[in-house]
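# Summary of the model geometry
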Protein chains: 2
Amino acid sequence: MPMKIVFATQNRSKVREASEILGPGFELVVPADLGITEDIPETGDTLEENSLQKAMYIYERTKEACFSDDSGLEVDALGGAPGVHTARYAGESRSADANMDKLLRELELAGPDAPRTARFHTFATLILPGPEVHVFEGIMPGRIALGRSGRGGFGYDPIFIPDEADGRTAAELSEEEKNAISHRGKALRELADFLKGCHGNTCQ
Amino acid sequence: MPMKIVFATQNRSKVREASEILGPGFELVVPADLGITEDIPETGDTLEENSLQKAMYIYERTKEACFSDDSGLEVDALGGAPGVHTARYAGESRSADANMDKLLRELELAGPDAPRTARFHTFATLILPGPEVHVFEGIMPGRIALGRSGRGGFGYDPIFIPDEADGRTAAELSEEEKNAISHRGKALRELADFLKGCHGNTCQ
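These remarks concern the structure in this document. (Residues numbered from 1 in each chain as written. Chains lettered and ligands numbered in written order. Predicted model: local features only at pLDDT ≥ 70, side-chain atom pairs only at ≥ 80, totals over all residues. Heavy atoms only, no water.)

## Digging into the interface of chain A and chain B
At the junction of the two partners, chain A supplies 20 residues and chain B supplies 20 residues. At the boundary of chain A with chain B, total buried surface from both sides reaches about 1,700 Å², with 56% on carbon and sulfur atoms. On the chain A side of the interface with chain B, the three residues burying the most area are Met56, Pro131 and Val133 of chain A, jointly 31% of the side's total. Taken together, the connections running from chain A to chain B amount to 2 salt bridges. The salt bridge involving glutamate 60 of chain A is made with lysine 63 of chain B; its shortest N-O contact spans 3.3 Å. Residue assignment for the side of chain A that touches chain B shows that the elements contributing at least two residues are helix H2 (47-62) and strand E5 (132-144) of chain A. With 9 residues, the top contributor of residues to the side of chain A that touches chain B is H2 of chain A. Classifying every residue of the side of chain A that touches chain B gives 9 nonpolar, 4 polar and 7 charged. (Contact = heavy atoms within 4.5 Å. Buried area = accessible area lost by both parts, 1.4 Å probe. Salt bridge = Lys/Arg side-chain N within 4 Å of Asp/Glu carboxyl O. Helix = DSSP H or I, 4+ residues; strand = E, 2+ residues; numbered from the N terminus. Nonpolar A, V, L, I, M, F, W, Y, C, P; charged D, E, K, R; others polar.)

Here is the structure:
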């Protein structure tokens, strides 16, 4: 019987992606299934704090095993920006196109010699009744392309070339290829491995 | 009027130390004041997870602003040990003497050329109603002495020489001197600075 676990997100694309990464051993419950339909607050100063806050918000209301993730893009030449502001880098509209335009422009302003190295970074927080808290981290290193390529993925994928993708952008990878190397894939697989070591109330 | 905040610990020495570090702007409430007298679980795999778990345990039961800390000693030649096992390195008796003996012995086994560099590391977690979660970190770098010196402090202080202590061990420092440079002092002062920026429900 698959293990039931609440995913602390209101984002349906994230749920589908997580469900594929976690595999058939897990049945993901979403907050709406439990009557929680409002936005989940994320007012932390770091990706990790946001991940903690989202998991705690849902755990506080459900007392059920739950997890959340928070991810960001960290560009070296921009001192780690957009980081915690990744989703709303160009403003509250959260437009991927506007965000990518702003990032390419900022890198241009940084000059032709500025390194284009960057990484996607995920923190996933798991809360089990007790409570017990476990934090998992995943990183996908790469670099920022000069322009867009590819139609897959979402967010900054068309301008991010992962080190492990033979020169293609993340938007040129199949879902399976991306999940195998992505920050979120790494963090959530670690979380899944951890949960597979749990029996009743004891985890190893 | 001082800000009331719950310190998620059952350790009276920690409460006294934190109260000195935080200063007169804060009134520390301890779990026993709220009828919570059992040990607070700390079963995390890392200092940070333990710090999160302790704060969440108390927040879950009180719904009040609260914080916790978890600290450990990381010795380079021992791959970061004792780390999360700092308090019970030599066993569940938690004897400071037995812990220091074991650490000195392990370093001897590591050979005469093994570096003696080490650091004390604190993670402090603040949870505010909402919930909001903030994590603060403090580090005191130094090295492991060849033997014990001094009678102040507690734990491994007699065998730890902080880089900022002119060759004295942490146990040879006054409380004020130690708090000024300690891992816990740094983390809790950051936490206090953060709280001073809070007005009502808004923090900056």
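## Section: the sheet that holds strand E4 (residues 117-128) of chain B
Residues and elements named next belong to chain B. The strand order E2-E1-E3-E4-E5-E6 describes an open sheet built from 6 strands, whose pairing is mixed. Looking at strand neighbours, the two that pair on one side only are strand E2 (26-29) and strand E6 (160-162), the edges of this open sheet. In this sheet, neighbouring strand axes are inclined to one another by 35 degrees on average, regardless of whether the strands run parallel or antiparallel. Packed onto the sheet, helix H5 (residues 183-196) meets strand E1 (3-7), E2, strand E3 (66-75), E4 and strand E5 (132-144) and runs at close to 155 degrees relative to E5. (Pairing = 2+ DSSP bridges. Axes fitted to C-alpha atoms, helices over the stretch in contact; angles between N-to-C directions.)

## Digging into the sheet that holds E5 of chain A
One open sheet holds the 6 strands; their spatial order is E2-E1-E3-E4-E5-E6 (chain A), and the pairing between them is mixed. Strands with a single pairing partner mark the edges of an open sheet, and in this sheet they are strand E2 (26-29) and strand E6 (160-162) of chain A. Each strand of the sheet is rotated relative to its neighbour by a mean of 35 degrees, with strand direction disregarded. Pairing of strand E4 (residues 117-128) of chain A with E5 of chain A involves 12 bridges; the strand directions are antiparallel. When the sheet's bridge partners are listed, arginine 119 of chain A is paired in E5 of chain A with proline 141 of chain A. Strand contacts of helix H2 (residues 47-62) of chain B: E4 and E5 of chain A, with the helix running at about 130 degrees to E5 of chain A, the strand carrying the most contacts.

## Some thoughts on the packing of aromatic side chains
Residue and element names in this part refer to chain B. For the coordinates displayed, the defined rule picks out 6 aromatic pairs over all chains. The interplanar angle of 10 degrees and the centroid separation of 4.4 Å between the aromatic rings of phenylalanine 7 and phenylalanine 67 together place this pair among those described as stacked. On the criterion of sequence distance, the pair formed by phenylalanine 7 in strand E1 and phenylalanine 67 in strand E3 is long-range, its members being 60 residues apart. You can call phenylalanine 7 buried: its relative accessible area is 0%. Residue classification places phenylalanine 67 among the buried residues on the basis of a relative accessible area of 0%. The cationic tip of arginine 61 hangs over the ring face of tyrosine 57; the distance from NZ or CZ to the ring centre is 3.5 Å. The side chain of lysine 102 reaches across the aromatic face of tyrosine 89, ending 4.3 Å from its centre. (Phe/Tyr/Trp six-rings, centres within 6.5 Å; stacked < 30°, edge-to-face > 60°. Buried < 20%, exposed > 50% of the residue type's maximum accessible area, 1.4 Å probe, protein only. Lys NZ or Arg CZ within 6 Å of the ring centre and 35° of its normal.)

## What to know about the relation of the copies chain A and chain B
Turning chain A through 180 degrees and shifting it by 0.0 Å along the axis lays it on chain B, with an RMSD of 0.0 Å. The symmetry that links the two subunits is that of a two-fold axis. Closest to the rotation axis within chain A is the C-alpha of glutamate 60 of chain A, separated from it by 3.6 Å. Same-surface contact between copies: 100% of interface residues of chain A are shared with the interface of chain B. (Least-squares fit on C-alpha atoms with pLDDT ≥ 70 in both.)

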